[in-house]
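Observations on chain architecture
Each chain is listed here by its residues.
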Amino acid sequence: MIELRHITKTFNRGEVNEVSALDDVSLTIEAGEFVVLVGANGSGKTTLLNVIAGAVLPSAGSVFLHGEDVTGLPEYKRSRWVARVFQDPLGGTAPELSILDNFRLAALRTRRKKLTIGVTEPFKASVREKIAGLGLGLEDKLHQPMGTLSGGQRQALTLLMSVMDHTDILLLDEPTAALDPKSAEVVMETAGRLIGQYNLTTLFITHNLRETQRFGNRLIQMARGSIARDLKGKEKKGLKLEEMYEWFG
Amino acid sequence: MVFYLTALIQGLCLAAMGLGIFITMKIFRIPDITTDGSYTLGAAVTAVLLTQGWPLLPVAGATVLVGALAGVMTGLVHTRLKIDALLAGILVMTGLYSVNLSILGRSNIPLIDVETIFSSLAVFGRQVYNELWVSLLFLVVLSGLLAYTLRTDFGIAMRATGNSESMTRAMGINNDRMKITGLAIANALTALSGFLVAQYQNFTDINMGIGIVLVGLGSVLIGDALISWLGIRHIWLQLGFVMAGCILFQMVLAVALSLGVNPNMLKLVTSVCVLAIVGLPRLVRRKKL
(Lines give C-alpha, C1' and ligand atoms only; values in the text may rest on other atoms or scores of the structure.)
Protein backbone atom coordinates (compact mmCIF):
# COMPACT_ATOMS: atom_id res chain seq x y z
CA MET A 1 0.00 0.00 0.00
CA ILE A 2 2.73 2.47 1.02
CA GLU A 3 6.30 2.03 -0.12
CA LEU A 4 9.17 4.39 0.64
CA ARG A 5 12.43 3.73 -1.20
CA HIS A 6 15.65 5.28 0.11
CA ILE A 7 14.00 8.50 1.23
CA THR A 8 16.36 11.27 2.27
CA LYS A 9 15.21 14.72 3.30
CA THR A 10 17.57 17.54 4.13
CA PHE A 11 16.24 20.96 5.11
CA ASN A 12 18.29 24.11 4.37
CA ARG A 13 20.87 22.12 2.45
CA GLY A 14 24.28 23.79 2.31
CA GLU A 15 23.43 26.37 4.93
CA VAL A 16 24.61 26.75 8.51
CA ASN A 17 21.30 25.47 9.84
CA GLU A 18 21.25 22.35 7.65
CA VAL A 19 19.05 19.62 9.14
CA SER A 20 18.98 16.03 8.00
CA ALA A 21 15.41 14.99 8.86
CA LEU A 22 15.35 11.62 7.08
CA ASP A 23 18.40 9.59 6.17
CA ASP A 24 17.92 6.83 3.59
CA VAL A 25 14.66 5.49 4.98
CA SER A 26 13.06 2.51 3.23
CA LEU A 27 9.74 1.22 4.48
CA THR A 28 6.87 -0.90 3.20
CA ILE A 29 3.46 -0.78 4.83
CA GLU A 30 0.87 -3.36 3.81
CA ALA A 31 -2.82 -2.66 3.36
CA GLY A 32 -4.68 -2.71 6.66
CA GLU A 33 -1.61 -2.23 8.82
CA PHE A 34 -1.95 0.13 11.77
CA VAL A 35 1.51 1.52 12.38
CA VAL A 36 2.36 3.45 15.52
CA LEU A 37 5.32 5.79 15.06
CA VAL A 38 7.30 6.81 18.10
CA GLY A 39 10.57 8.65 18.59
CA ALA A 40 12.14 11.64 20.29
CA ASN A 41 11.46 15.17 19.03
CA GLY A 42 13.36 15.79 15.82
CA SER A 43 13.72 12.10 15.00
CA GLY A 44 11.88 12.55 11.68
CA LYS A 45 8.41 11.15 12.42
CA THR A 46 6.44 14.13 11.18
CA THR A 47 8.69 14.56 8.14
CA LEU A 48 8.05 10.91 7.29
CA LEU A 49 4.31 11.51 7.47
CA ASN A 50 4.63 14.69 5.40
CA VAL A 51 6.63 12.84 2.74
CA ILE A 52 3.82 10.29 2.43
CA ALA A 53 1.16 13.03 2.33
CA GLY A 54 3.10 15.10 -0.19
CA ALA A 55 3.40 18.16 2.06
CA VAL A 56 7.17 17.67 1.96
CA LEU A 57 8.95 16.49 -1.18
CA PRO A 58 11.97 14.25 -0.51
CA SER A 59 15.51 15.34 -1.43
CA ALA A 60 16.13 11.84 -2.76
CA GLY A 61 14.25 8.56 -3.03
CA SER A 62 10.74 7.71 -4.19
CA VAL A 63 7.27 7.27 -2.75
CA PHE A 64 4.79 4.67 -4.01
CA LEU A 65 1.13 4.53 -3.07
CA HIS A 66 -0.86 1.55 -4.39
CA GLY A 67 2.19 0.68 -6.51
CA GLU A 68 2.00 4.05 -8.26
CA ASP A 69 5.00 6.39 -8.16
CA VAL A 70 3.67 9.58 -6.53
CA THR A 71 7.03 11.14 -5.61
CA GLY A 72 6.39 14.37 -7.52
CA LEU A 73 2.63 14.53 -6.93
CA PRO A 74 1.51 17.56 -4.87
CA GLU A 75 -0.41 17.09 -1.64
CA TYR A 76 -3.80 18.10 -3.03
CA LYS A 77 -3.56 15.35 -5.67
CA ARG A 78 -2.50 12.66 -3.19
CA SER A 79 -5.63 13.40 -1.19
CA ARG A 80 -7.23 10.87 -3.56
CA TRP A 81 -5.80 8.19 -1.26
CA VAL A 82 -4.71 9.99 1.85
CA ALA A 83 -6.75 11.58 4.65
CA ARG A 84 -5.02 13.49 7.44
CA VAL A 85 -5.63 14.57 10.98
CA PHE A 86 -3.21 17.22 12.17
CA GLN A 87 -1.71 17.83 15.58
CA ASP A 88 -3.26 21.29 15.61
CA PRO A 89 -7.06 20.90 15.83
CA LEU A 90 -7.30 24.02 13.66
CA GLY A 91 -5.35 22.41 10.80
CA GLY A 92 -7.92 19.94 9.56
CA THR A 93 -11.04 22.08 9.45
CA ALA A 94 -12.16 25.47 8.14
CA PRO A 95 -13.12 27.39 11.33
CA GLU A 96 -15.48 29.94 9.79
CA LEU A 97 -17.42 27.40 7.78
CA SER A 98 -20.27 25.47 9.37
CA ILE A 99 -19.86 21.85 10.46
CA LEU A 100 -22.10 20.93 7.54
CA ASP A 101 -19.98 22.76 4.94
CA ASN A 102 -16.83 21.19 6.37
CA PHE A 103 -18.40 17.76 5.98
CA ARG A 104 -19.50 18.58 2.45
CA LEU A 105 -15.92 19.29 1.43
CA ALA A 106 -14.76 16.13 3.16
CA ALA A 107 -17.36 14.14 1.23
CA LEU A 108 -15.82 15.50 -1.99
CA ARG A 109 -12.18 14.97 -1.01
CA THR A 110 -11.41 12.75 -3.97
CA ARG A 111 -13.85 14.37 -6.37
CA ARG A 112 -14.46 17.63 -8.25
CA LYS A 113 -16.15 20.49 -6.46
CA LYS A 114 -18.85 21.39 -8.96
CA LEU A 115 -21.16 24.34 -9.43
CA THR A 116 -24.13 22.50 -7.99
CA ILE A 117 -25.68 22.70 -4.55
CA GLY A 118 -24.46 19.63 -2.67
CA VAL A 119 -25.72 20.40 0.82
CA THR A 120 -29.14 18.85 0.29
CA GLU A 121 -31.59 17.50 2.84
CA PRO A 122 -30.53 13.84 2.34
CA PHE A 123 -26.89 14.87 2.74
CA LYS A 124 -27.74 16.80 5.89
CA ALA A 125 -29.55 13.79 7.30
CA SER A 126 -26.67 11.43 6.61
CA VAL A 127 -24.17 13.81 8.26
CA ARG A 128 -26.46 14.22 11.27
CA GLU A 129 -26.66 10.46 11.65
CA LYS A 130 -22.89 10.00 11.40
CA ILE A 131 -22.19 12.77 13.91
CA ALA A 132 -24.78 11.38 16.30
CA GLY A 133 -22.70 8.20 16.33
CA LEU A 134 -19.91 10.12 18.05
CA GLY A 135 -22.13 10.68 21.06
CA LEU A 136 -20.90 14.24 21.56
CA GLY A 137 -24.30 15.88 21.08
CA LEU A 138 -23.09 17.82 18.03
CA GLU A 139 -25.76 16.51 15.66
CA ASP A 140 -28.02 19.48 16.42
CA LYS A 141 -25.29 22.04 15.79
CA LEU A 142 -24.68 21.36 12.10
CA HIS A 143 -24.95 25.04 11.18
CA GLN A 144 -22.58 26.21 13.87
CA PRO A 145 -19.14 27.40 12.66
CA MET A 146 -16.42 24.81 13.24
CA GLY A 147 -14.34 27.42 15.08
CA THR A 148 -16.81 27.60 17.96
CA LEU A 149 -16.16 23.98 18.96
CA SER A 150 -13.53 22.76 21.41
CA GLY A 151 -10.28 21.18 20.23
CA GLY A 152 -11.46 17.69 21.16
CA GLN A 153 -14.76 18.08 19.32
CA ARG A 154 -12.94 19.34 16.25
CA GLN A 155 -10.47 16.46 16.25
CA ALA A 156 -13.29 13.93 16.60
CA LEU A 157 -15.14 15.57 13.69
CA THR A 158 -11.94 15.72 11.61
CA LEU A 159 -11.58 11.97 12.08
CA LEU A 160 -15.14 11.42 11.00
CA MET A 161 -14.58 13.73 8.02
CA SER A 162 -11.65 11.59 6.89
CA VAL A 163 -13.98 8.67 6.16
CA MET A 164 -16.71 10.74 4.44
CA ASP A 165 -15.13 9.89 1.08
CA HIS A 166 -13.19 6.85 -0.06
CA THR A 167 -9.98 6.58 1.99
CA ASP A 168 -7.12 4.10 1.88
CA ILE A 169 -4.55 5.75 4.10
CA LEU A 170 -5.10 7.66 7.31
CA LEU A 171 -2.29 9.79 8.71
CA LEU A 172 -2.61 10.81 12.35
CA ASP A 173 0.01 13.26 13.58
CA GLU A 174 -0.30 13.41 17.38
CA PRO A 175 -4.05 14.01 17.10
CA THR A 176 -4.48 14.13 20.87
CA ALA A 177 -1.40 16.15 21.84
CA ALA A 178 -3.37 19.37 22.33
CA LEU A 179 -6.29 17.76 24.15
CA ASP A 180 -7.27 17.10 27.75
CA PRO A 181 -7.24 13.41 28.82
CA LYS A 182 -11.00 12.95 28.48
CA SER A 183 -11.22 14.47 24.97
CA ALA A 184 -8.12 12.50 23.99
CA GLU A 185 -9.91 9.32 25.04
CA VAL A 186 -12.96 10.17 22.92
CA VAL A 187 -10.79 10.99 19.90
CA MET A 188 -8.69 7.83 20.14
CA GLU A 189 -11.74 5.66 20.68
CA THR A 190 -13.31 7.18 17.57
CA ALA A 191 -10.08 6.65 15.64
CA GLY A 192 -9.82 3.01 16.70
CA ARG A 193 -13.43 2.34 15.75
CA LEU A 194 -13.24 4.01 12.32
CA ILE A 195 -9.90 2.38 11.45
CA GLY A 196 -11.36 -1.03 12.21
CA GLN A 197 -14.68 -0.33 10.50
CA TYR A 198 -13.16 0.98 7.25
CA ASN A 199 -10.04 -1.20 7.36
CA LEU A 200 -7.79 1.84 6.93
CA THR A 201 -4.04 1.63 6.54
CA THR A 202 -2.93 3.92 9.32
CA LEU A 203 0.18 5.76 10.47
CA PHE A 204 -0.16 7.16 13.93
CA ILE A 205 2.43 9.39 15.61
CA THR A 206 2.26 9.64 19.37
CA HIS A 207 4.35 10.48 22.41
CA ASN A 208 1.93 8.71 24.69
CA LEU A 209 3.36 5.27 25.48
CA ARG A 210 0.03 3.98 26.76
CA GLU A 211 -1.54 4.74 23.38
CA THR A 212 1.47 3.06 21.80
CA GLN A 213 0.78 -0.08 23.75
CA ARG A 214 -2.95 -0.02 23.22
CA PHE A 215 -3.22 0.74 19.50
CA GLY A 216 -1.82 -0.67 16.29
CA ASN A 217 -0.34 -3.92 15.06
CA ARG A 218 3.08 -2.58 14.17
CA LEU A 219 5.45 -0.28 16.03
CA ILE A 220 8.23 1.76 14.46
CA GLN A 221 10.70 3.78 16.48
CA MET A 222 12.53 6.56 14.70
CA ALA A 223 15.87 7.95 15.84
CA ARG A 224 17.99 10.60 14.13
CA GLY A 225 16.21 10.30 10.80
CA SER A 226 16.32 6.51 10.59
CA ILE A 227 14.19 3.56 11.64
CA ALA A 228 15.66 2.26 14.89
CA ARG A 229 13.13 -0.47 15.71
CA ASP A 230 10.36 -2.14 13.73
CA LEU A 231 8.17 -4.55 15.70
CA LYS A 232 5.20 -6.42 14.24
CA GLY A 233 2.34 -8.53 15.58
CA LYS A 234 3.32 -10.59 18.62
CA GLU A 235 6.57 -8.69 19.18
CA LYS A 236 4.60 -5.49 19.57
CA LYS A 237 1.87 -7.09 21.64
CA GLY A 238 4.32 -8.46 24.16
CA LEU A 239 6.02 -5.12 24.63
CA LYS A 240 6.06 -3.72 28.17
CA LEU A 241 5.84 -0.06 29.07
CA GLU A 242 9.13 -0.22 31.00
CA GLU A 243 10.95 -1.48 27.92
CA MET A 244 9.72 1.44 25.88
CA TYR A 245 10.74 3.92 28.55
CA GLU A 246 14.25 2.58 28.22
CA TRP A 247 14.30 3.31 24.47
CA PHE A 248 14.05 6.97 25.26
CA GLY A 249 16.45 6.81 28.21
CA MET B 1 -34.01 64.36 -2.70
CA VAL B 2 -32.56 63.83 -6.17
CA PHE B 3 -29.21 64.52 -4.61
CA TYR B 4 -29.48 61.50 -2.32
CA LEU B 5 -31.10 59.45 -5.06
CA THR B 6 -27.99 60.09 -7.14
CA ALA B 7 -25.82 58.89 -4.27
CA LEU B 8 -28.00 55.79 -3.99
CA ILE B 9 -27.63 54.98 -7.70
CA GLN B 10 -23.90 55.64 -7.51
CA GLY B 11 -23.73 53.22 -4.61
CA LEU B 12 -25.67 50.58 -6.55
CA CYS B 13 -23.37 50.98 -9.56
CA LEU B 14 -20.31 50.52 -7.37
CA ALA B 15 -21.81 47.61 -5.42
CA ALA B 16 -20.56 45.05 -7.97
CA MET B 17 -17.04 46.20 -7.18
CA GLY B 18 -17.89 45.99 -3.48
CA LEU B 19 -18.87 42.34 -3.96
CA GLY B 20 -15.59 41.75 -5.76
CA ILE B 21 -13.57 43.29 -2.96
CA PHE B 22 -15.59 41.29 -0.45
CA ILE B 23 -14.50 38.13 -2.27
CA THR B 24 -10.80 38.96 -2.25
CA MET B 25 -10.61 40.67 1.12
CA LYS B 26 -13.05 38.68 3.24
CA ILE B 27 -13.28 35.30 1.54
CA PHE B 28 -9.72 34.87 0.28
CA ARG B 29 -8.01 37.31 2.67
CA ILE B 30 -5.95 38.67 -0.20
CA PRO B 31 -5.44 42.44 -0.33
CA ASP B 32 -6.07 42.93 -4.05
CA ILE B 33 -5.70 46.42 -5.46
CA THR B 34 -5.87 45.48 -9.12
CA THR B 35 -9.29 47.13 -8.71
CA ASP B 36 -8.22 50.63 -9.81
CA GLY B 37 -7.07 49.19 -13.12
CA SER B 38 -9.80 46.63 -13.75
CA TYR B 39 -12.56 49.16 -12.98
CA THR B 40 -11.26 51.57 -15.63
CA LEU B 41 -10.58 48.62 -17.93
CA GLY B 42 -14.24 47.63 -17.74
CA ALA B 43 -15.34 51.21 -18.41
CA ALA B 44 -12.87 51.60 -21.29
CA VAL B 45 -13.94 48.42 -23.05
CA THR B 46 -17.59 49.38 -22.52
CA ALA B 47 -17.09 52.86 -24.01
CA VAL B 48 -15.13 51.68 -27.05
CA LEU B 49 -17.50 48.81 -27.89
CA LEU B 50 -20.67 50.84 -27.33
CA THR B 51 -19.47 53.66 -29.58
CA GLN B 52 -18.70 51.04 -32.21
CA GLY B 53 -22.32 49.99 -32.06
CA TRP B 54 -22.04 46.66 -30.23
CA PRO B 55 -25.24 45.48 -28.52
CA LEU B 56 -25.30 45.56 -24.72
CA LEU B 57 -25.09 41.86 -23.90
CA PRO B 58 -21.86 41.15 -25.80
CA VAL B 59 -20.40 44.33 -24.32
CA ALA B 60 -21.19 43.09 -20.82
CA GLY B 61 -19.68 39.71 -21.73
CA ALA B 62 -16.51 41.33 -23.03
CA THR B 63 -16.28 43.44 -19.87
CA VAL B 64 -16.49 40.35 -17.68
CA LEU B 65 -13.85 38.64 -19.79
CA VAL B 66 -11.26 41.43 -19.67
CA GLY B 67 -11.87 42.00 -15.95
CA ALA B 68 -11.36 38.30 -15.26
CA LEU B 69 -8.19 38.38 -17.35
CA ALA B 70 -6.81 41.22 -15.22
CA GLY B 71 -7.56 39.16 -12.11
CA VAL B 72 -5.87 36.10 -13.60
CA MET B 73 -2.76 38.20 -14.28
CA THR B 74 -2.57 39.32 -10.65
CA GLY B 75 -3.30 35.76 -9.52
CA LEU B 76 -0.55 34.28 -11.67
CA VAL B 77 2.01 36.83 -10.50
CA HIS B 78 0.98 36.21 -6.89
CA THR B 79 0.83 32.40 -6.88
CA ARG B 80 3.32 31.30 -9.54
CA LEU B 81 6.04 33.85 -8.78
CA LYS B 82 5.23 33.94 -5.05
CA ILE B 83 5.11 37.72 -5.11
CA ASP B 84 3.20 39.49 -2.36
CA ALA B 85 -0.44 39.99 -3.39
CA LEU B 86 -0.26 43.71 -2.73
CA LEU B 87 2.74 44.13 -5.02
CA ALA B 88 1.21 41.83 -7.64
CA GLY B 89 -1.90 44.03 -7.65
CA ILE B 90 0.14 47.23 -7.94
CA LEU B 91 2.13 45.78 -10.85
CA VAL B 92 -0.97 44.79 -12.81
CA MET B 93 -2.87 47.95 -11.89
CA THR B 94 -0.01 50.18 -13.05
CA GLY B 95 0.41 48.23 -16.25
CA LEU B 96 -3.32 48.44 -16.91
CA TYR B 97 -3.16 52.24 -16.97
CA SER B 98 -1.26 52.10 -20.26
CA VAL B 99 -3.47 49.29 -21.54
CA ASN B 100 -6.57 51.33 -20.75
CA LEU B 101 -5.13 54.40 -22.43
CA SER B 102 -4.39 52.48 -25.60
CA ILE B 103 -7.88 50.92 -25.57
CA LEU B 104 -9.47 54.36 -25.22
CA GLY B 105 -7.05 55.94 -27.71
CA ARG B 106 -7.38 59.22 -25.80
CA SER B 107 -8.02 60.17 -22.22
CA ASN B 108 -11.79 60.48 -22.46
CA ILE B 109 -14.64 58.98 -24.50
CA PRO B 110 -18.11 60.50 -24.14
CA LEU B 111 -21.13 58.19 -24.43
CA ILE B 112 -23.68 60.52 -25.93
CA ASP B 113 -26.22 59.33 -28.50
CA VAL B 114 -25.47 55.68 -27.81
CA GLU B 115 -27.92 53.16 -26.46
CA THR B 116 -26.96 52.46 -22.83
CA ILE B 117 -28.29 49.87 -20.41
CA PHE B 118 -30.23 52.72 -18.74
CA SER B 119 -31.88 54.02 -21.91
CA SER B 120 -32.65 50.59 -23.36
CA LEU B 121 -34.39 49.32 -20.23
CA ALA B 122 -36.22 52.58 -19.52
CA VAL B 123 -39.82 52.23 -18.33
CA PHE B 124 -40.40 55.39 -16.27
CA GLY B 125 -40.82 58.92 -17.50
CA ARG B 126 -38.15 60.36 -15.28
CA GLN B 127 -34.57 59.45 -16.07
CA VAL B 128 -33.49 59.13 -12.44
CA TYR B 129 -36.11 56.42 -11.73
CA ASN B 130 -34.95 54.46 -14.74
CA GLU B 131 -31.38 54.66 -13.50
CA LEU B 132 -32.50 53.49 -10.11
CA TRP B 133 -34.46 50.50 -11.29
CA VAL B 134 -31.93 49.37 -13.89
CA SER B 135 -29.03 49.48 -11.45
CA LEU B 136 -31.17 47.71 -8.88
CA LEU B 137 -32.16 44.99 -11.34
CA PHE B 138 -28.57 44.57 -12.46
CA LEU B 139 -27.41 44.11 -8.89
CA VAL B 140 -30.19 41.72 -7.91
CA VAL B 141 -29.28 39.44 -10.82
CA LEU B 142 -25.55 39.71 -10.10
CA SER B 143 -25.76 39.12 -6.35
CA GLY B 144 -28.24 36.29 -6.91
CA LEU B 145 -25.76 34.56 -9.20
CA LEU B 146 -22.94 35.14 -6.75
CA ALA B 147 -24.92 33.94 -3.75
CA TYR B 148 -25.83 30.77 -5.63
CA THR B 149 -22.19 30.19 -6.62
CA LEU B 150 -21.00 30.60 -3.04
CA ARG B 151 -23.50 28.02 -1.82
CA THR B 152 -22.46 25.36 -4.34
CA ASP B 153 -19.78 22.76 -3.67
CA PHE B 154 -17.36 24.94 -5.61
CA GLY B 155 -18.35 27.93 -3.48
CA ILE B 156 -17.76 26.01 -0.25
CA ALA B 157 -14.31 25.05 -1.53
CA MET B 158 -13.67 28.70 -2.36
CA ARG B 159 -14.68 29.90 1.10
CA ALA B 160 -12.60 27.19 2.77
CA THR B 161 -9.48 28.15 0.81
CA GLY B 162 -9.30 31.57 2.44
CA ASN B 163 -10.06 30.01 5.78
CA SER B 164 -7.60 27.14 6.18
CA GLU B 165 -5.15 26.29 3.42
CA SER B 166 -3.84 23.18 5.16
CA MET B 167 -7.40 21.87 5.31
CA THR B 168 -8.22 22.57 1.67
CA ARG B 169 -4.97 21.01 0.46
CA ALA B 170 -5.87 17.87 2.38
CA MET B 171 -9.33 18.02 0.78
CA GLY B 172 -7.90 17.85 -2.72
CA ILE B 173 -8.21 21.54 -3.54
CA ASN B 174 -5.54 23.28 -5.59
CA ASN B 175 -5.23 26.44 -3.51
CA ASP B 176 -3.28 28.37 -6.15
CA ARG B 177 -5.81 27.70 -8.87
CA MET B 178 -8.63 28.58 -6.47
CA LYS B 179 -7.01 31.94 -5.65
CA ILE B 180 -6.55 32.73 -9.34
CA THR B 181 -10.21 31.89 -9.95
CA GLY B 182 -11.25 34.07 -7.03
CA LEU B 183 -9.23 37.03 -8.28
CA ALA B 184 -10.73 36.53 -11.73
CA ILE B 185 -14.29 36.60 -10.36
CA ALA B 186 -13.55 39.62 -8.17
CA ASN B 187 -12.02 41.67 -10.98
CA ALA B 188 -14.75 40.65 -13.41
CA LEU B 189 -17.24 42.09 -10.90
CA THR B 190 -15.14 45.23 -10.59
CA ALA B 191 -15.06 45.61 -14.37
CA LEU B 192 -18.86 45.32 -14.36
CA SER B 193 -18.99 48.30 -12.03
CA GLY B 194 -16.94 50.17 -14.61
CA PHE B 195 -19.45 49.00 -17.23
CA LEU B 196 -22.34 50.47 -15.23
CA VAL B 197 -20.68 53.70 -14.11
CA ALA B 198 -19.46 54.56 -17.62
CA GLN B 199 -23.04 54.34 -18.89
CA TYR B 200 -24.44 56.12 -15.85
CA GLN B 201 -22.15 59.14 -16.13
CA ASN B 202 -22.13 58.91 -19.97
CA PHE B 203 -18.36 58.94 -20.35
CA THR B 204 -15.24 56.96 -19.60
CA ASP B 205 -12.21 58.78 -18.33
CA ILE B 206 -8.73 57.31 -17.98
CA ASN B 207 -8.50 58.65 -14.43
CA MET B 208 -11.91 57.49 -13.19
CA GLY B 209 -10.39 54.50 -11.38
CA ILE B 210 -7.86 56.35 -9.29
CA GLY B 211 -8.51 55.56 -5.64
CA ILE B 212 -11.67 53.59 -6.40
CA VAL B 213 -10.27 50.61 -4.45
CA LEU B 214 -10.50 52.75 -1.32
CA VAL B 215 -14.19 53.41 -1.97
CA GLY B 216 -14.75 49.66 -2.29
CA LEU B 217 -12.66 48.93 0.76
CA GLY B 218 -14.55 51.44 2.88
CA SER B 219 -17.87 50.03 1.68
CA VAL B 220 -16.90 46.45 2.46
CA LEU B 221 -15.64 47.50 5.89
CA ILE B 222 -18.98 49.16 6.66
CA GLY B 223 -20.79 46.05 5.46
CA ASP B 224 -18.48 43.80 7.44
CA ALA B 225 -18.95 45.85 10.60
CA LEU B 226 -22.72 45.38 10.23
CA ILE B 227 -22.25 41.66 9.53
CA SER B 228 -20.18 40.98 12.64
CA TRP B 229 -22.27 43.35 14.76
CA LEU B 230 -25.47 41.52 13.85
CA GLY B 231 -23.77 38.11 13.81
CA ILE B 232 -24.87 37.24 10.28
CA ARG B 233 -23.80 33.86 8.97
CA HIS B 234 -25.90 33.30 5.85
CA ILE B 235 -23.68 34.10 2.92
CA TRP B 236 -26.44 35.70 0.82
CA LEU B 237 -27.36 38.02 3.69
CA GLN B 238 -23.70 38.93 4.00
CA LEU B 239 -23.67 39.91 0.33
CA GLY B 240 -26.72 42.07 0.98
CA PHE B 241 -24.95 43.92 3.77
CA VAL B 242 -21.87 44.46 1.62
CA MET B 243 -24.10 46.12 -0.98
CA ALA B 244 -25.75 48.18 1.77
CA GLY B 245 -22.25 49.22 2.82
CA CYS B 246 -21.57 50.50 -0.69
CA ILE B 247 -24.71 52.61 -0.62
CA LEU B 248 -24.01 53.93 2.88
CA PHE B 249 -20.51 54.94 1.88
CA GLN B 250 -21.82 56.96 -1.07
CA MET B 251 -24.37 58.56 1.25
CA VAL B 252 -21.61 59.63 3.60
CA LEU B 253 -19.72 61.19 0.70
CA ALA B 254 -22.92 62.90 -0.48
CA VAL B 255 -23.52 64.35 2.96
CA ALA B 256 -19.93 65.60 3.02
CA LEU B 257 -20.46 67.31 -0.32
CA SER B 258 -23.77 68.81 0.78
CA LEU B 259 -22.01 70.27 3.82
CA GLY B 260 -20.00 72.33 1.38
CA VAL B 261 -16.87 70.24 1.00
CA ASN B 262 -14.95 71.27 -2.12
CA PRO B 263 -15.30 68.46 -4.72
CA ASN B 264 -11.54 68.65 -5.25
CA MET B 265 -11.23 67.43 -1.68
CA LEU B 266 -13.37 64.34 -2.33
CA LYS B 267 -10.42 61.90 -2.43
CA LEU B 268 -9.16 63.28 0.87
CA VAL B 269 -12.65 62.93 2.36
CA THR B 270 -12.78 59.33 1.07
CA SER B 271 -9.43 58.58 2.69
CA VAL B 272 -10.46 60.12 5.97
CA CYS B 273 -13.77 58.22 5.92
CA VAL B 274 -12.03 54.86 5.41
CA LEU B 275 -9.49 55.79 8.07
CA ALA B 276 -12.33 56.55 10.46
CA ILE B 277 -14.06 53.25 9.72
CA VAL B 278 -10.83 51.28 10.28
CA GLY B 279 -9.43 53.39 13.08
CA LEU B 280 -12.37 54.31 15.31
CA PRO B 281 -13.26 50.80 16.48
CA ARG B 282 -9.61 50.26 17.45
CA LEU B 283 -9.46 53.49 19.42
CA VAL B 284 -12.67 52.59 21.24
CA ARG B 285 -11.34 49.12 22.02
CA ARG B 286 -8.08 50.51 23.36
CA LYS B 287 -9.95 52.79 25.72
CA LYS B 288 -11.94 49.88 27.08
CA LEU B 289 -8.80 47.91 27.90
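In what follows, the accompanying structure is described. (Residues numbered from 1 in each chain as written. Chains lettered and ligands numbered in written order. Predicted model: local features only at pLDDT ≥ 70, side-chain atom pairs only at ≥ 80, totals over all residues.)

**Quick word on the overall build of chain B**
The number of helices and strands found in chain B is 12 helices and two strands. When the helices and strands of chain B are listed from N to C terminus, the series reads α-α-α-α-β-α-α-α-α-α-β-α-α-α. Dimensions of chain B, computed from the C-alpha atoms along their principal axes, are close to 55 × 45 × 35 Å. A buried classification covers 49% of the 289 residues belonging to chain B. Of the contacts made within chain B by residues no fewer than 6 positions apart, 80% connect residues no fewer than 24 positions apart. (Helix = DSSP H or I, 4+ residues; strand = E, 2+ residues; numbered from the N terminus. Buried ≥ 20, exposed ≤ 12 C-beta atoms within 10 Å, placed from the backbone. Contact = placed C-beta atoms within 7 Å.)

**Comments concerning the interface of chain B and chain A**
With 19 residues of chain B at the contact, the number on the chain A side is 26 residues. Of all elements in the fold, only α6 (127-151), α7 (153-163) and α8 (165-170) of chain B reach the threshold of two or more residues within the side of chain B that touches chain A. Its residues placed into classes, the side of chain B that touches chain A shows eight nonpolar, seven polar and four charged. (Nonpolar A, V, L, I, M, F, W, Y, C, P; charged D, E, K, R; others polar.)

**A look at the sheet that holds strand β1 (residues 2-11) of chain A**
Residues and elements named next belong to chain A. Spatially, the four strands line up as an open sheet ordered β2-β1-β4-β5, and their pairing is antiparallel. Pairing within the sheet leaves two strands with one partner each, and these edge strands are β2 (19-29) and β5 (68-69). Bridge analysis of strand β4 (residues 60-65) against β5 gives two bridges, and the strand direction is antiparallel. Within β5, the position partnered with L65 by the bridge is E68. In the packing of helix α1 (residues 45-53) onto the sheet, contacts are made with β1, β2 and β4, and the angle to β2 comes to roughly 60°. (Pairing = 2+ DSSP bridges. Axes fitted to C-alpha atoms, helices over the stretch in contact; angles between N-to-C directions.)

**Re the environment of V163 of chain A**
Residue and element names in this part refer to chain A. Examined against the element boundaries, V163 turns out to sit in the loop between α5 (151-162) and β7 (169-173). For V163, a count of 17 C-beta atoms within 10 Å corresponds to the partly exposed category. Separated by 57 residues in sequence, V163 and A106 have C-alpha atoms that sit 8.1 Å apart.

**Quick word on α7 of chain B**
With 11 of 11 residues buried, α7 of chain B is to be regarded as a mostly interior element. The complete set of buried residues in α7 of chain B reads D153, F154, G155, I156, A157, M158, R159, A160, T161, G162 and N163 of chain B. Looking at the buried side of α7 of chain B, the elements it contacts are α3 (99-107) of chain A together with α1 (2-27), α6, α8 and α9 (175-201) of chain B.

**Structural notes on the packing of α6 of chain B against helix α11 (residues 235-258) of chain B**
Residues and elements named next belong to chain B. The geometry of α6 relative to α11 is characterised by a closest axis approach of 9 Å and an angle of 145° between their N-to-C directions. Between α6 and α11 the crossing geometry is right-handed. Two secondary-structure elements touch here, α6 through L139, S143, L146, A147, L150 and R151 and α11 through I235, W236, L239 and M243. (Left-handed = near helix turned anticlockwise from the far one by under 90°.)

**Notes on the nonpolar core**
Among soluble globular proteins, nonpolar side chains are generally buried collectively. Counting residues in hydrophobic clusters, the biggest one holds 145 residues, and the most contacted among them are L37, I52 and L171 of chain A together with L19 of chain B. Here this core takes 15 residues from α9 of chain B, the largest share from any one element. (Core = buried A, V, L, I, M, F, W, Y, C linked by C-beta atoms within 7 Å.)

**Remarks on the pairing of strand β8 (residues 201-205) of chain A**
Residue and element names in this part refer to chain A. Judged by how many residues are buried, β8 sits mostly within the fold: five of five residues are covered. Burial along β8 is two-sided: T201, L203 and I205 and T202 and F204, pointing in opposite directions, are all buried. Here four bridges tie strand β3 (residues 34-39) to β8, and the two strands are oriented parallel to one another. Bridged to V35 within β8 is L203. Inspection of the sheet shows β7 paired to β8 by five bridges, in the parallel sense. Among the inter-strand pairings, I169 is bridged to a residue of β8, identified as T201. Handedness of the β-α-β unit built from β7, helix α6 (residues 181-198) and β8 comes out right-handed. (Right-handed = clockwise from strand over helix to strand, strands pointing away.)

Everything listed here is a matter of geometry and, on its own, says nothing about what the molecule does.
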